[in-house]
Structures are given as structure tokens and as C-alpha cells.
Amino acid sequence: MRFRHPDGSIVHLSYCTNVHPAETLDGVRAQLRDHCEPVRRRLGRDRLGIGLWLARDAARALINDPAELRALRAELDSRGLEVVTLNGFPYEGFGADEVKYRVYRPDWTEPERLAHTTDLARLLAALLPDDVTEGTISTLPLAWRTPYATDPGAARTARAALTTLAQRLDALAELTGKSIRIGLEPEPGCTVETTADAIAPLTDVGHERIGICVDTCHLATSFEDPDTALDALTAAGIPVVKSQLSAALHAEHPHLPEVRTALAAFAEPRFLHQTRTRTAAGLRGTDDLDEAVAGGALPDSTPWRAHFHVPLHAPPAPPLTSTLPVLRATLARLVGGPVPLTRHLEVETYTWQALPAELRPRTRTQLADGIAAELTLARDLLVDLGLKELP
């Protein structure tokens, strides 16, 4: 979906296909047929943006066979789909029964991460619509905090990899005329946990094609204030490459037994749900929701937030809620001003099938309806901010 900002530039809205796990090229094609095109039709749009997730095997298949890449581009066109952004965070196995810490490997100290991201940049340059010259890719925020924090050479290795990537992106732009930018995506528990954590390493790299991806669920989970975060990034000259529109789980009164019971329903075995609370002594947290719910690990006199991407349009029932207000405030700063701070927005609720059983979509139709409802909410927020939806 495309929108014209009051300054005349085009802002793109998509939804991320990591909600439909697929490791192979055939699986990606099935996503387009079974999910993405039906969502487009529900929205009554001739064109729908998707934030494509290409696992390692699918990406390598496209790199190794230019004919397959041309065929994928043609299929996107024929189904009324367009790609201006990729989710390069998960490498493989995102559809496994248990993902948890595995999603952080390989990290930016390992050569596989640089190779995969280079592949994605090359593919995105070929998949961009003819009238679009800029693509974006979100990626791992360097590494999970351990063992990175105890390795004295880790920061140097990661910085060297990102510098090499920047050089490759420059060469790609010269060759293709397409500018591909990469955004580190701060996430609780990682080396770069907050937007503030991103400033030093990105300043060290110091390249316009390497910036940040602001995920509004992660921002909220870490209790970051959107204005403070974006002001600091702007002051440091760190570009917001893209933003993922998502909402975290919020519990206002975690000391109450009924709140603990409600939270426990969201503790599940597939994904990691880092949980945080803000105290007078600073941020406190656990790596997963079940650790917090069990008691003793976190103080419970202040609200808790958990890294669980809840559907934008359907916050959980009381006594829980979502951090949709943080998304609204962030979006207002990102695109509500005289000039957009980013032009690529991506709804990223990948946890539909991890919701408590009674909230999960049971059919493809229900899932498509839910994704369409999320995109409708995001569209309405953009229109309310003065952007004009384009055909």
C-alpha cells in the first residue's frame, strides 16, 4: 500500500510474511497464493506491499538461478504484490516448534550473517518495482548479549562485517541504480537492546546505508519514550531505515493473581517473550515470560511489558492490554511531521499461531481477515496523520 506524504514523498506500508513460515522457494510461492493475494483482495486493493521473509535456502535458490528470480518477480506482479522491504532477521527455522534463542544465530560475528544479508540485498534490488529505487532490510541487532559481551573481539568483528556490507551496498547501487539500506532492529536481551544502544555501534560504522529499524513492540517493551528515542537518533544522525508496526503485551498490575493467570496464557514454547518492568533503579527483566510469571524474578509493583506481538486491532481482554498507544505516538513522530523520518512501514505480527488457543485463527480465511484488519488500522492511522492513500 502506498501513501503520499504532505511533502510529496511516497510512504510504503506492507505486512511481513514471517507470519507464514516457509523455508523453501516453493513455500514462498505458496505464501503468495494462499495468504498474500487473499489479504490484498480483502482490502480491495489492486496492489499490496509485503515485507518478504526469505530463509537461507530460499534466498540461495534465487541467487543461484536467475530464472527463478525473474519468475518470482513476475509472480509478484501477476498477484498484485510488491516488495520494497525484506525481513532479514530470522536466518532459518522460524517455523520450527521451538525457535527461542535460535533466532539470534548466526549473528554479526559470524560470516554466514554477512553472506546472507548480502544475498538479500542483491535479491531485493532485483525485486523492487520499476518505479522504486530504494529498498530496506531489517536485521539482527548485532547479537544476543551473551557470549558477545564476554568476547573482547566481538564488537570489532561485527563492525568490520557491517563496514564490508556497506561497501557492497555502495557497489550494488552503482551497478543497479537501486539503493538498499540495512536497519539494525533493537530487541530486548540483545547487544543492541534499545535505540540508545544502537547509536554508538552505528556511529562507529558511520555509513548512510546502515541505520536502524524501529520496532514499536520492542520500543515499548523496553519502556522507551518514542519522542526521546527518535530525538536522540536524529541528533546522532542515525537514519531510521524502516519501522515495524507492532504492539507488546502490557500488564498494569502484575501483582494481582488474575493478571498473572492472564499473562501465563501467553507463555508458550515457540518464541522468546522477554519481559521488562521499569523501576526507580532502572529497567529489570527476564528472558522469557514464564520466568516472570513464576514469581520472584521481577518486582511486581510497577507495570510489566512482554515481547509478544499482539494483533494491532485486537488487544487482549482485560486485565491485560497492548501498547498500541506507543505505536500511535511513534508513528506520529515518524510520518506525522513536515518530512517523514522513514518511508518504509511494515506490520509485523508473526505470533498469530502463538496466541492463547481461543484467540488463534483456525483457518486461512480467519488469518487473512486478521491481517487485513491490522493493515486497515495502520492505514487509518496514516490517513489521520494527513497521508493520502494512493491507488
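Below is a short write-up of the structure. (Residues numbered from 1 in each chain as written. Predicted model: local features only at pLDDT ≥ 70, side-chain atom pairs only at ≥ 80, totals over all residues. Heavy atoms only, no water.)

Time to look at the sheet that holds strand E11 (residues 282–286). A sheet is described by the order of its strands in space; here five strands give the open sequence E11-E10-E12-E9-E13, paired in antiparallel fashion. The sheet terminates laterally at E11 and strand E13 (320–322), the two strands that pair on one side only. Across the sheet, the axes of successive neighbouring strands diverge by a mean angle of 30 degrees, strand direction being ignored. Of the strand pairs in this sheet, strand E9 (residues 247–251) and strand E12 (residues 304–310) are connected by four bridges, and their pairing is antiparallel. Within the sheet, the bridge partner assigned to alanine 247 lies in E12 and is valine 310. (Pairing = 2+ DSSP bridges. Helix = DSSP H or I, 4+ residues; strand = E, 2+ residues; numbered from the N terminus. Axes fitted to C-alpha atoms, helices over the stretch in contact; angles between N-to-C directions.)

Turning our eyes to something else, we now look at unusual backbone geometry. Note the cis peptide between arginine 105 and proline 106, where omega equals -10 degrees. Structurally, proline 106 is set in the loop between strand E4 (81–87) and helix H4 (111–127). That bond from threonine 146 to proline 147 is cis: its omega, 5 degrees, falls within 30 degrees of zero. Residue placement: proline 147 occurs in helix H5 (residues 145–148). Phi at lysine 100 is positive, roughly 45 degrees, even though this residue is not glycine. Mapped onto the elements, lysine 100 comes out in the loop between E4 and H4. Given a relative accessible area of 13%, lysine 100 falls into the buried group. Look at leucine 142: it is not a glycine, yet its phi comes out positive at around 75 degrees. Among the secondary structure elements, leucine 142 is positioned in the loop between strand E5 (134–139) and H5. (Buried < 20%, exposed > 50% of the residue type's maximum accessible area, 1.4 Å probe, protein only.)

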